[in-house]
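The lines below spell out each chain.
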Amino acid sequence: MKISGQNFFLACALALLCAGCAGYHLGPVKPDVVAGAQSIEIVPFNNQTLEPRLGDAVTQALRENLQVDGTYRLATGGPGDIVVTGVIVNYRRSGVSFLPTDVTTAQSYNVTVTAHVIARESATGKLLLDKNVNGETLVQTGSDLEDAERQSLPVLAEDLSRNISELLTEGSW
């Protein structure tokens, strides 16, 4: 039997496509968690930095990320099966690029925030997660650094909450 070049190409493409999806599965990554079976309670994050409203922004972003992910059901009316608490312990800004005419004046900053996150099973008190988690974003200063940082706050909170959500849903406890 003679195989044409086009049929051979299609057979190879089909084989590669099937092989690439062999390990993929839908649903939560943690094998012992059925999507939405466990509830998770997010206690508002305590902000120990001088950056105002950071704790509220991180708490809200984390709740939204976990709702979108769907691995856990968000406990809104009472205590959850898992309780997550966090303390924002560090807010750091470091210059990335500087004015060509003045090497001491930054044009953009890398802003990093660190939160200490703890997750416990509410029934047993078993510690599931106890770790510092970082989030970061790039801030272009323009004419007003304070205004630029305030506008970048939701992006910074989103990055930190995405990293926390990933640890909660996919991390190895």
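Not measured: the values here are computed from a predicted model.

Now for the pairing of strand S4 (residues 82-98). As paired strands, strand S1 (residues 39-42) and S4 are joined by three bridges and run parallel to one another. Its bridge partner lying in S4, Glu41 is registered against Val83. Where strand S2 (residues 46-47) and S4 come together, two bridges link them in parallel fashion. Across the sheet, Asn46 pairs through a bridge with Val87, a residue of S4.

Moving on, we come to the side chain of Glu51. Inspection of the secondary structure puts Glu51 in the loop between S2 and helix H2 (54-69). Sequence-distant contacts of Glu51, that is, excluding residues within four places in its chain, are made with Tyr91, Glu149 and Leu153.

Following the criterion strictly, the structure yields four salt bridges and no others. Between Asp147 and Arg150 there is a salt bridge whose closest N-O contact spans 2.4 Å. Within this pair, Asp147 and its partner Arg150 are both found in helix H3 (residues 145-170), separated by three residues, close to a single helical turn. Of the residues examined, Asp147 reaches a relative accessible area of 24% and is grouped as partly exposed. Between Arg162 and Glu158 there is a salt bridge, with its nearest N and O atoms 3.8 Å apart. Residue Arg162 and its partner Glu158 are located together in helix H3, separated by four residues, close to a single helical turn. By relative accessible area, which is 41% here, Arg162 ends up partly exposed. Linked by salt bridges that have partners in common, Glu158, Asp159 and Arg162 make up one network.

Rules and cut-offs
- Residues numbered from 1 in each chain as written.
- Predicted model: local features only at pLDDT ≥ 70, side-chain atom pairs only at ≥ 80, totals over all residues.
- Heavy atoms only, no water.
- Pairing = 2+ DSSP bridges.
- Helix = DSSP H or I, 4+ residues; strand = E, 2+ residues; numbered from the N terminus.
- Contact = heavy atoms within 4.5 Å.
- Salt bridge = Lys/Arg side-chain N within 4 Å of Asp/Glu carboxyl O.
- Buried < 20%, exposed > 50% of the residue type's maximum accessible area, 1.4 Å probe, protein only.

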